[in-house]
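For reference, the chains in residue letters:
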Amino acid sequence: MNRASANINLMIKAARFAAKRLLRDFGEVENLQVSQKSPSDFVTRADRKAEESIQTDLTEGRPNYGWLGEESGEKKGSDPTRKWIVDPLDGTTNFLHGIPHWAISIALEYKSEIVSAVVYDPLKDELFWAEKGSGCYMNEKRCRVSNRRNLNEMIFSTGIPFANKSGDLSLTLAELNNLMPECAGVRRLGAASLDLAYVASGRYDGFWERGLQSWDIAAGLLLVKEAGGLIEPINIENDVLKDGELIAGNEISFEKFSKIIRNR
Ligand code: IPD
Ligand code: CA
Ligand code: CA
């Protein structure tokens, strides 16, 4: 990993360290599924502990940077131009149910632009990382978005509103209704950071979702861009990070895919 900058190495170290504890906790959650105790308080604690551990490592390494974490909120740094954006556990519902699909997401923002990104799936030991202008990698391997152009060969991914997440369910259902008959399938695996990492590595041909938070997608956005993909807000007047909505895909099919999602 000698191409990586000091910041990326710090982010990777923090992600790997927090992952060790999350992996132990995930093993415990699997046992709790069959017990009478509810695993949800346990998972909330695991989530918070993971964020604390990442925050300690990143703040020790870069004491002047700002911070935005899902669990602990925002803290200004003495350097107003740089900020970590962290989701310590993306895919909490999967984690809670013992489903092995969740990740740690860490991004570094510099002057309102994401410049470094790490999305780590510890169960598969897949570490996706990117730096602005230096490409995207999964572990040591360079990532590229897919080069499929025919919708009927393409797999897409999205997020569907659920009980504790407000959103326009009928809108997503209408989009699915338009897209599904045209493509090879749509997945809803429940971790937006990994959805974007899978677009970056060519596993998915595209992804769209609304109602996301900046920590869900900050790192994934850079992965896709550095892997040669395109990202736009669904409503072109919106801002991807601030409004939490996006369409991501490869350049060749982006127009076809985005037209269907935008219902044009
Ligand atoms: C969630 C996941 C999910 C997305 C939700 C997010 P969490 O994050 O990324 O895929 O559909 O909107 O809240 O709660 O598991 O960190
Ligand atoms: Ca999340
Ligand atoms: Ca989370």
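The structure this text deals with has already been given above.
The following refers to the structure shown. (Residues numbered from 1 in each chain as written. Chains lettered and ligands numbered in written order. Predicted model: local features only at pLDDT ≥ 70, side-chain atom pairs only at ≥ 80, totals over all residues. Heavy atoms only, no water.)

**A closer look at the coordination of the calcium ion (ligand 3)**
Link 1 in the chain: The protein atoms donating to the calcium ion (ligand 3) are Glu70 (OE), Asp87 (OD), Asp87 (OD) and Leu89 (O), with metal-donor distances spanning 2.2 to 3.2 Å.
Link 2 in the chain: When the donor residues of the calcium ion (ligand 3) are listed from N- to C-terminus, their spacing reads E-x16-D-x1-L.
Link 3 in the chain: A distance of 3.7 Å spans the gap from the calcium ion (ligand 3) to the calcium ion (ligand 2), which Asp87 bridges by coordinating each metal. With Glu70 in the loop between strand S1 (66-69) and strand S2 (73-75) and Leu89 in strand S3 (residues 82-90), this residue pair connects regions lying 19 residues apart in the sequence.
Link 4 in the chain: Residue classification places Glu70 among the partly exposed positions, given a relative accessible area of 32%.
Link 5 in the chain: Taking the relative accessible area as the measure of exposure, Leu89 reaches 1% and is therefore buried. (Donors = N, O, S within 2.8 Å, 3.2 Å for Na, K, Ca; no water. Helix = DSSP H or I, 4+ residues; strand = E, 2+ residues; numbered from the N terminus. Buried < 20%, exposed > 50% of the residue type's maximum accessible area, 1.4 Å probe, protein only.)

**A look at the environment of Ala174**
Link 1 in the chain: For Ala174, the position within the fold is in helix H4 (residues 169-179).
Link 2 in the chain: Put simply, Ala174 and Asn263 are 89 residues apart on the chain and 9.1 Å apart in space, counted from C-alpha to C-alpha.

**What about H4?**
Link 1 in the chain: Every buried residue of H4 is accounted for by Thr172, Glu175, Leu176 and Leu179. The arc enclosing the buried residues of H4, seen along the axis, measures out at 100°, which places them on a common side. Opposite its buried face, H4 presents the exposed residues Ser170 and Asn177, each directed more than 90 degrees away.
Link 2 in the chain: Contacts from the buried residues of H4 go to strand S9 (155-158), strand S10 (185-187), strand S11 (206-209) and helix H8 (251-261). (Arc of directions from axis to C-beta. Contact = heavy atoms within 4.5 Å.)

**Description of the sheet that holds S11**
Link 1 in the chain: Ordered in space as S10-S9-S11-S13-S12, the five strands form an open sheet in which the pairing is mixed. Either end of the sheet is taken by a strand with one partner, and the two such strands are S10 and strand S12 (230-232). Between one strand axis and the next, the sheet turns by 15° as a mean value, whatever way the strands run.
Link 2 in the chain: For S11 and strand S13 (residues 246-249), the ladder comprises four bridges, and the chain directions are antiparallel. Bridging across to S13, Glu209 finds its partner in Leu246.
Link 3 in the chain: Across the sheet, H4 lies against S9, S10 and S11, angled at about 155° from S11, the strand it touches most.
Link 4 in the chain: Packing of H8 onto the sheet brings it into contact with S9, S11, S12 and S13, and relative to S13 it is tilted by some 150°. (Pairing = 2+ DSSP bridges. Axes fitted to C-alpha atoms, helices over the stretch in contact; angles between N-to-C directions.)

**As for the environment of Leu222**
Link 1 in the chain: Within the secondary structure, Leu222 is located in helix H6 (residues 214-226).
Link 2 in the chain: Every residue in contact with Leu222, bar those within four places of it in the chain, is listed here: Ile114, Val115, Ser116, Ala117, Ala130, Glu131 and Lys132.

**Let's talk about the coordination of the calcium ion (ligand 2)**
Link 1 in the chain: In this structure, Asp87 (OD), Asp90 (OD) and Asp216 (OD) serve as the protein donors to the calcium ion (ligand 2), at separations of 2.1 to 2.3 Å.
Link 2 in the chain: One chain supplies every donor to the calcium ion (ligand 2), and in sequence these donors are spaced D-x2-D-x125-D.

**Concerning the packing of aromatic side chains**
Between two aromatic rings, the relevant description is the distance of the centres plus the angle of the planes.
Link 1 in the chain: One pass over the full model with this rule turns up nine aromatic pairs.
Link 2 in the chain: Aromatic side chains Phe26 and Trp102 sit 5.4 Å apart centroid to centroid with 55° between the ring planes, which places their arrangement in the tilted category. Placement of the pair is Phe26 in helix H1 (residues 6-32) and Trp102 in the loop between helix H3 (92-96) and strand S4 (103-110), with a sequence separation of 76 residues. The two residues Phe26 and Trp102 agree in class, both being buried.
Link 3 in the chain: Centre to centre, the rings of Trp208 and Phe257 are 6.0 Å apart; their planes meet at 75°, and the pair counts as edge-to-face. Taken as a pair, Trp208 in strand S11 and Phe257 in helix H8 lie far apart in primary sequence, 49 residues in all. The same class applies to Trp208 as to Phe257, namely buried.
Link 4 in the chain: Within the aromatic cluster, the residues linked to one another by ring pairs are Phe26, Phe95 and Trp102.
Link 5 in the chain: The ring centre of Tyr120 lies 5.1 Å from the NZ or CZ of Arg16, which sits over that ring.
Link 6 in the chain: One cation-aromatic arrangement involves Arg203 over Tyr198; the distance from NZ or CZ to the ring centre is 4.7 Å. (Phe/Tyr/Trp six-rings, centres within 6.5 Å; stacked < 30°, edge-to-face > 60°. Lys NZ or Arg CZ within 6 Å of the ring centre and 35° of its normal.)

By themselves, these observations are geometric and do not establish any function.
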